Amino acid sequence: MNKKKILSKVLRYVLPLYLFTLLPLSASAQKFALIDMEYILRNVPANEQLNQVSKKWQAEVEALNTEASTMYKNYQNEVVFLSQEQKKKKQEAIVAKEKQASDLKRKYFGPEGELFKKRTSLITPIQDEIYNAVKDIADQRGYSLVIDRSSNSAGIIYGSPKVDISNEVLQKLGYSNQ
């Protein structure tokens, strides 16, 4: 019986105190949302342009490598019949072709290469558009924070699909998810 009195007093005094202190905290809780930047960028047409250009340039580099390889195989087959001067010329031609392929690869795919420049020119404006779309959606829905779930540094262990606004961002940009 003594336990019932204690429980009754606890419920009478502590429960209202609990409700009055914690209810305002939950009412002022910040809202947040998630986006998947990689998903959004995969569904933007500029990404397809980059892939096509990259494949085209890769084919050019591979063609030069194949040509150098063919030259080397032919050289191996003919080496017995060639004079020293002819051997030297063929070797120099093979080395030159390999260098040409290497230079072309560096030109297209190097750190300051054409692909990097193309990506910057295509993706930077889109990233600005994405930022503005995310900001508009966040303002409309009252989100205090929008986190990129695809970022390695975000540290998200779980993100409910209910708070993922990636498709809305794509719609706001005028793209449909594919």
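Structure first, text after, so check above.
Nothing here was measured: the structure is a model prediction, and the numbers come from that model.

1. Quick notes on the environment of Ser150
By secondary structure assignment, the location of Ser150 is in the loop between strand S2 (143-148) and helix H6 (166-173). Sequence-distant contacts of Ser150, that is, excluding residues within four places in its chain, are made with Ile35, Asp36, Met37 and Glu38. Of note is the side chain of Ser150, whose polar atom sits 3.4 Å from the backbone nitrogen of Met37.

2. Side note on the side chain of Ser166
Take Ser166: it is sitting in helix H6. The exposure class of Ser166 is buried, given its relative accessible area of 2%. One polar contact links the side chain of Ser166 to the main-chain amide nitrogen of Asp36, over a distance of 2.7 Å. Once residues within four sequence positions are removed from consideration, Ser166 is found in contact with Leu34, Ile35, Asp36, Tyr39 and Ile40.

Definitions and limits used
Residues numbered from 1 in each chain as written. Predicted model: local features only at pLDDT ≥ 70, side-chain atom pairs only at ≥ 80, totals over all residues. Heavy atoms only, no water. Helix = DSSP H or I, 4+ residues; strand = E, 2+ residues; numbered from the N terminus. Contact = heavy atoms within 4.5 Å. Polar contact = N/O pair within 3.5 Å; in protein donor to acceptor, adjacent residues only side chain to side chain. Buried < 20%, exposed > 50% of the residue type's maximum accessible area, 1.4 Å probe, protein only.

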